[in-house]
Amino acid sequence: MGANSNDDVVNDDPGGATKAPTLIVADDEAEIAEVIETVAEDMGFVVVSSIHEGSAVAATAERLRPDVILLDLVMPGADGVEVLRSLGEMNCQASIVLMSGMDQRTLDSVGALGKDHKLKITSTLTKPMTIEAIEAALSPLLKLRASRLYEKKAVPEINYGLRALFQPDVPLDNEPVHALQRLSVSPGWKLDGQEIISGTELVEWAAQQGFAKGLTNMLVCQGLETQRLWAKQGFEPLLSMHINAELLHELSLPDILANAVDKWQLPPNRIIVEAPESDIVGSPDHVIDVLSRLRLKGFKIAICVKGSGDAILPMLARLPVDELVADLLPLMDKSLIGADMELEFQYSSLTSLAAKKGIVTCARNVDSEALLDFARQCQFKRVQGAQICRPLPADEIEALCKSGRLELTAFNRKAANGTGS
């Protein structure tokens, strides 16, 4: 799918009067682009190119002269406004469908700019998008001969949208339970109305499939968009974002993130950049360069550790770190975890050393009452996991945080109010 040139455009009309309309998909999220290509080809379009860099759209359109362009507004290299400006300068005649995870007002505003450049802006698509929405946007552009018969492949009614979910943590000291000042952004993949894969599981799967970087880009964009909307309503939590290892090794990352928060008019000190312990230990100088520049630009830094952090503890003096996030998921299957003195000593050492250096510790994937009790014993400052609250969409988590309603165990209510033993 997705030919590289228009040499592959087929003429379905034996008399040569009608050709299948050609289409370019411009979207940096490879999995989204692939779905669009499949739907378009099933409808009768010929996908002549799939582009993942905004800066390549205009040149490709000029070379291939497509009938239709599906254009994502947020891509590396050039944003949608810049792309439309370039297409206008070259007098592009393609019908253009605009796509974005941003609000409809933004899509309409950019669409108006496109029309000012004499471009044919035909419709908009808001992410996450359904197959029906893609078909509705493309159907009017399917300029095939009316008598042409073609049998559409059966496509299940699936929402292929990858979306950002938000998970709160709660304090285990004397702060009130409703003091939900920190939310972690995690991915969720929605299929047939159900979350079939999310969080760590989805991140690991994306890495295996080779689109972890694209997934991170999606989370950052959706997270910042959401935080900007929240800020307008007076809801301003810290937002923690896990950065893919590939991005973490790019020296330009601090500038990219700084430009992003500036674009959304957000203070960088409301963003926590999460870096995995393994990448810091594996190439410390290179990553410390990136983390230090992020810290200088005002971002907060968290290091995610698996285990009790033995590898990272000796390096803390060199790292510009605000938080340590310990993943307790590996301890889920351990029986009598509260009675394991050696294990408790290891994690207590982590929290104790971090506290002496002014570093906040958070226990993640606290998915059982036993793990919640263990986190309390080891003196973690904050906890996060299914025992507290599962990842939720933006609107649900906003309502939950504003109301302070959490499904807490009796143990945690005591702990959070400072009355636990």
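Residues numbered from 1 in each chain as written. Predicted model: local features only at pLDDT ≥ 70, side-chain atom pairs only at ≥ 80, totals over all residues. Heavy atoms only, no water.

Colleague: I'd like a description of the overall build of the chain, backed by residues and values.
Modeller: Secondary structure assignment for the chain yields 15 helices and 15 strands. A buried classification covers 51% of the 421 residues belonging to the chain. Contacts in the chain between residues at least 24 apart in sequence constitute 71% of all its contacts with a sequence separation of at least 6. Surface summary for the chain: the accessible area is close to 19200 Å², and the carbon and sulfur share equals 50%. (Helix = DSSP H or I, 4+ residues; strand = E, 2+ residues; numbered from the N terminus. Buried < 20%, exposed > 50% of the residue type's maximum accessible area, 1.4 Å probe, protein only. Contact = heavy atoms within 4.5 Å. Areas by Shrake-Rupley, 256 points an atom, 1.4 Å probe, with all protein chains shown as cover.)

Colleague: So what about the pairing of strand E10 (residues 238-242)? Which residues, and what values?
Modeller: Across the five residues of E10, four count as buried, placing the element largely inside the fold. As paired strands, E10 and strand E11 (residues 271-276) are joined by four bridges and run parallel to one another. Within the sheet, the bridge partner assigned to Ser-240 lies in E11 and is Ile-272. (Pairing = 2+ DSSP bridges.)

Colleague: Please provide a residue-by-residue account of the packing of aromatic side chains, values included.
Modeller: Enumeration over the complete set of coordinates arrives at four aromatic pairs. With 5.6 Å between their ring centres and 80 degrees between their planes, Tyr-347 and Phe-374 make a pair best called edge-to-face. Residue Tyr-347 is found in helix H12 (residues 341-356), and its partner Phe-374 is found in helix H13 (residues 369-377); the two are separated by 27 residues along the sequence. An identical accessibility class is assigned to Tyr-347 and Phe-374; each is buried. (Phe/Tyr/Trp six-rings, centres within 6.5 Å; stacked < 30°, edge-to-face > 60°.)

Colleague: Go over helix H14 (residues 394-403), please, and point to the residues and values.
Modeller: By the burial criterion, the buried members of H14 are Ile-397, Glu-398, Leu-400 and Cys-401. Looking down the long axis of H14, one finds its buried residues gathered within 165 degrees of arc, a one-sided arrangement. (Arc of directions from axis to C-beta.)

Colleague: Any details on the layout of surface pockets? Residues and values, ideally.
Modeller: Of the volumes computed, that of the second largest pocket is approximately 820 Å³. Surrounding the second largest pocket, 33 residues form its lining, Asp-28, Met-75, Pro-76, Asn-217 and Ile-256 being those nearest its centre. Among the elements of the structure, helix H1 (30-43), helix H7 (212-232) and helix H9 (253-263) are those that each provide at least two residues to the lining of the second largest pocket. Counting residues per element, the lining of the second largest pocket draws most heavily on H7, which supplies seven residues. Classifying every residue of the lining of the second largest pocket by side-chain character gives 17 nonpolar, seven polar and nine charged. (1 Å grid on protein atoms, 1.4 Å probe; cavity = no way out; pocket = protein on both sides within 12 Å on 5 of 7 lines; lining within 4 Å. Points joined across faces, edges and corners; volume = space filled by probe spheres on them. Nonpolar A, V, L, I, M, F, W, Y, C, P; charged D, E, K, R; others polar.)

Colleague: Got a sec to walk through the sheet that holds strand E4 (residues 95-100)? Specific residues and values, please.
Modeller: Paired through backbone hydrogen bonds, the strands of a sheet run either parallel or antiparallel to each other. Taken in spatial order, the five strands line up as E2-E1-E3-E4-E5 in an open sheet, and their pairing is parallel. This sheet does not close on itself; its edge strands, each paired only once, are strand E2 (46-51) and strand E5 (120-126). When the angles between neighbouring strand axes are averaged without regard to direction, this sheet yields 20 degrees. As paired elements, strand E1 (residues 22-26) and E2 share five bridges and run parallel to each other. The residue bridging Leu-23 from the neighbouring strand is Val-47, located in E2. Here H1 sits on the sheet and contacts E1, E2, strand E3 (68-72) and E4; the angle it forms with E2, its principal contact strand, is near 170 degrees. In the packing of helix H5 (residues 131-138) onto the sheet, contacts are made with E1, E3, E4 and E5, and the angle to E5 comes to roughly 175 degrees. (Axes fitted to C-alpha atoms, helices over the stretch in contact; angles between N-to-C directions.)

Colleague: Break down the confidence of the model for the chain for me, with residues and values.
Modeller: Taken residue by residue, the chain gives an average pLDDT of 80. The fraction at 70 or more is 81%. The element-level mean pLDDT for the chain is lowest in helix H15 (residues 410-416), coming to 42, with E3 highest at 95. Counting contacts from residues 1-18, a segment whose pLDDT is below 50, to residues more than four positions away or on other chains yields 38 contacts. For residues 144-160, every residue scores under 50 in pLDDT, and the model assigns this stretch 35 contacts once sequence neighbours within four places are set aside. (pLDDT = per-residue confidence, 0-100.)

Colleague: Could you give an account of the pattern of salt bridges, naming the residues involved and the relevant values?
Modeller: Scanning the entire structure with this criterion turns up eleven salt bridges. With a closest N to O distance of 3.3 Å, Glu-29 and Lys-127 form a salt bridge. Separated by 98 residues along the polypeptide, Glu-29 in the loop between E1 and H1 and Lys-127 in the loop between E5 and H5 bring together distant segments of the chain. Judged by its relative accessible area of 9%, Glu-29 falls in the buried class. Residue Lys-127 is classed as buried on the basis of its relative accessible area of 11%. Of the charged contacts in the structure, one is a salt bridge between Arg-182 and Glu-323, with a shortest N-O distance of 2.8 Å. (Salt bridge = Lys/Arg side-chain N within 4 Å of Asp/Glu carboxyl O.)

Colleague: How would you explain empty space enclosed by the protein if you had to name every residue and give the values?
Modeller: Counted according to the given criterion, the structure contains four cavities of 30 Å³ or more. By volume, the largest cavity amounts to about 120 Å³. If you go around the largest cavity, the residues you meet are Asp-28, Glu-29, Asp-72, Val-74, Ser-100, Gly-101, Lys-127, Asn-217, Met-218, Cys-221, Gln-222 and Glu-225. Among the elements that line the lining of the largest cavity, the one with the most residues is H7, at five residues.

Colleague: Outline the nonpolar core, supporting the account with residue identities and numerical values.
Modeller: Counting residues in hydrophobic clusters, the biggest one holds 75 residues, and the most contacted among them are Leu-224, Ile-280, Leu-294, Leu-328, Tyr-347, Val-383 and Ile-397. Tallying contributions element by element places H7 first for this core, with six residues. Contact partners of Leu-294, with chain neighbours within four places excluded, come to Leu-253, Pro-254, Leu-257, Val-273, Phe-299 and Ile-301. In terms of nonpolar packing, the next biggest core, distinct from the first, is built from 27 residues, Ala-20, Ile-24, Leu-64 and Ile-69 among them. (Core = buried A, V, L, I, M, F, W, Y, C linked by side-chain atoms within 4.5 Å.)

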